[in-house]
Amino acid sequence: TTVEELRNEGNAQGNCVGGYGSAIAKKSRNVVFVRRKSNPTKSYITCDIFNDGTINQYLAPYNRRPEDADAIAFKSVFQSHLYENWGE
């Protein structure tokens, strides 16, 4: 992820992830952009992950908690995946 991609995500989501570049570079934050397979270019969920693999923030646009069933289900599966594979 580039600084420009972070800014674009922040603009699309209406959140502050665009300012996370230096924290990511210092390895104090990890950010994943979650996309729908059917529309991979459209912002969907922004995910901030602690260094131990725990999801810290998992937010829809404007820092709202996701309400759709797909996003909620994916978070659970993704968190399990992170716990099993983080750091490998």
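Everything below is about the structure printed above this text.
This write-up is about the structure you can find in this document. A quick note: this is a predicted structure, and the numbers were derived from the prediction, not measured.

1. Regarding the overall build of the protein
Part 1 of the reasoning: The helix and strand tally for the protein stands at 3 helices and 3 strands.
Part 2 of the reasoning: A compact globule built from 88 residues would reach a C-alpha radius of gyration of about 12 Å, and the protein, at 13 Å, matches this within 12%.
Part 3 of the reasoning: With the principal axes as the frame, the protein shows a C-alpha extent of 30 × 30 × 20 Å.
Part 4 of the reasoning: Per-residue burial for the protein yields a buried fraction of 32% across its 88 residues.
Part 5 of the reasoning: The contacts of the protein with a sequence gap of at least 6 include a subset with a gap of at least 24, amounting to 43%.
Part 6 of the reasoning: Put simply, the protein shows about 5900 Å² of open surface, and 51% of that area lies on carbon and sulfur atoms.
Part 7 of the reasoning: Averaging the positions of the 11 positive and the 10 negative side-chain charges in the protein gives two centres separated by 5 Å.

2. Looking at helix α1 (residues 3-13)
Part 1 of the reasoning: Among the residues of α1, Leu6, Glu9, Gly10 and Gln13 are the ones counted as buried. All buried residues of α1 lie within an arc of 100 degrees about the axis, which places them on one face of the element. Counted as exposed and oriented over 90 degrees from the buried face of α1: Glu4 and Asn11.
Part 2 of the reasoning: Buried positions along α1 lie against α2 (21-25), β1 (30-34), β2 (45-49) and β3 (55-59).
Part 3 of the reasoning: Positive backbone phi, approximately 65 degrees, marks Gly14, located one or two places after α1.

Parameters at a glance
Residues numbered from 1 in each chain as written. Predicted model: local features only at pLDDT ≥ 70, side-chain atom pairs only at ≥ 80, totals over all residues. Heavy atoms only, no water. Helix = DSSP H or I, 4+ residues; strand = E, 2+ residues; numbered from the N terminus. Rg over C-alpha atoms; globule rule 2.2 N^0.38 Å. Buried < 20%, exposed > 50% of the residue type's maximum accessible area, 1.4 Å probe, protein only. Contact = heavy atoms within 4.5 Å. Areas by Shrake-Rupley, 256 points an atom, 1.4 Å probe, with all protein chains shown as cover. Lys, Arg positive; Asp, Glu negative; His and termini not counted. Charge placed at Lys NZ, Arg CZ, Asp CG, Glu CD. Arc of directions from axis to C-beta.

Worth remembering: the numbers are spatial, not functional.
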